[in-house]
Amino acid sequence: MSDILRLTNVSKEYPRSGTALRDISFEMRKGEFVFLVGHSGAGKSTLLKLLSMAERPTTGELRISGFSSLSIKPRELPILRRRLGIVFQDFQLLTDRNVLDNLKFVLGATGWNDKKLIEQRAMNCLQLVGIEKKAKDFPHQLSGGEQQRVSIARALLNKPTLILADEPTGNLDPATSKEIMELLLAVAKEENTAILMATHDM
């Protein structure tokens, strides 16, 4: 089974703040669920930025979904990002659109143009996370746990090989956090998607 993610001796330095990551090497395979645990300021967010190629390593190589940090071209970045799903701590839903339209907007922005297929895929992902009954609700009408379910549905839209979850339970109470964790584990199994979850919570 081939790796979908491999870091080899990756370091990241910033001119003003110094070394954020030093000599990181690890790999992930399809369907794996990996925790990235560390205190605030340990470099978790920096690593996630590198994985989405929002930033490049200072030294070392990062290979993800067939692309290398040493050779990826700017025009290839949208292709890579369609292969990644990202779940944020603060949900980052569009407040002026209902749940279904939030998902349809992302599909349209990533190259889908058949309206019927867009609607089908959006509803399919809402069903996967158990929130299809809220499709016409707006984000402000949802609880934190419901908003995070929508965020996970959004991450699944383009059938990613890897989901990056950045403190996805950070703004949720313990019971809801447990629910979201169980959902992520179920999604990883159901969709055979690898998940890398950054958290400070042991």
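The rules behind these values
- Positions within a chain are numbered from 1, following the residues in the order the chain's sequence is written.
- A pLDDT threshold of at least 70 governs which residues receive local features in this predicted model, and a stricter bar of 80 or more applies before side-chain atom pairs are shown or counted, although totals over entire chains, interfaces and linings include all residues.
- Each side-chain value is worked out from all heavy atoms of the structure, with water and hydrogens disregarded.
- The predictor attaches a confidence to each residue, called pLDDT, with possible values from 0 through 100.
- Helix numbers and strand numbers start at the N terminus; a helix is a DSSP run of H or I with at least 4 residues, a strand a run of E with at least 2.
- Helix axes use the C-alpha atoms of the stretch in contact, all axes being lines fitted to C-alpha atoms, and the angles between their N-to-C directions lie in the range 0 to 180 degrees.
- We call two directions roughly parallel when the angle between them is under 35 degrees, roughly antiparallel when it is over 145, roughly perpendicular when it lies between 65 and 115, and oblique otherwise.
- Left-handed is the label given to a crossing in which the near helix is rotated counterclockwise from the far helix by less than a right angle, and right-handed is the label when the rotation is clockwise.
- Here, two residues are considered to be in contact whenever any of their heavy atoms come within 4.5 Å of each other.
- Classes in brief: Ala, Val, Leu, Ile, Met, Phe, Trp, Tyr, Cys and Pro nonpolar; Asp, Glu, Lys and Arg charged; the others, Gly included, polar.
- Pairing between strands requires that DSSP locate at least two bridges from one strand to the other.

> How would you explain the confidence of the model for the chain if you had to name every residue and give the values?
Model confidence for the chain is summarised by a mean pLDDT of 90, while 99% of its residues fall at 70 or above. Of all helices and strands in the chain, the one with the weakest mean pLDDT is helix 6 (residues 174–191) (85), whereas strand 4 (residues 59–64) scores best (95).

> So what's going on with the packing of helix 3 (residues 99–109) against helix 4 (residues 115–128)? Residues and values would help.
Where helix 3 contacts helix 4, the two axes come as close as 9 Å, and the packing angle between them is 125°. Taken together, the axes of helix 3 and helix 4 are oblique relative to one another. Like other packed secondary-structure pairs, helix 3 and helix 4 cross with a definite hand, here right-handed. Judged by residue contacts, Val99, Leu100, Leu103, Lys104 and Leu107 of helix 3 engage Ile118, Glu119, Arg121, Ala122, Met123, Cys125 and Leu126 from helix 4. Looking at side-chain class alone, the contact of helix 3 with helix 4 contains 9 nonpolar, no polar and 3 charged residues.

> I'd like to hear about the environment of phenylalanine 26, residue by residue, with values.
Within the element layout of this structure, phenylalanine 26 appears in strand 2 (residues 18–29). Distance from phenylalanine 26 to arginine 6, taken between C-alpha atoms, is 5.8 Å for residues 20 residues apart in sequence. Once residues lying within four places of it in the same chain are set aside, the contact partners of phenylalanine 26 are Leu5, Arg6, Leu7 and Leu47.

> Describe in detail the sheet that holds strand 6 (residues 84–87), supporting the description with residues and values.
Here 4 strands make up an open sheet; going across it, the order is 3-8-7-6 and the pairing parallel. At either end of the open sheet lies a strand with only one pairing partner, and these are strand 3 (33–37) and strand 6. The sheet shows a mean angle of 15° between the axes of neighbouring strands, taken without regard to direction. As paired strands, strand 7 (residues 162–166) and strand 8 (residues 194–199) are joined by 5 bridges and run parallel to one another. Within strand 8, the residue paired with alanine 165 across the bridge is methionine 197. Across the sheet, helix 1 (residues 44–51) is in contact with strand 3, strand 6, strand 7 and strand 8; its angle to strand 8 comes to roughly 150°. Contacts from helix 5 (residues 144–156) reach strand 6 and strand 7, with the element oriented near 170° to strand 6.

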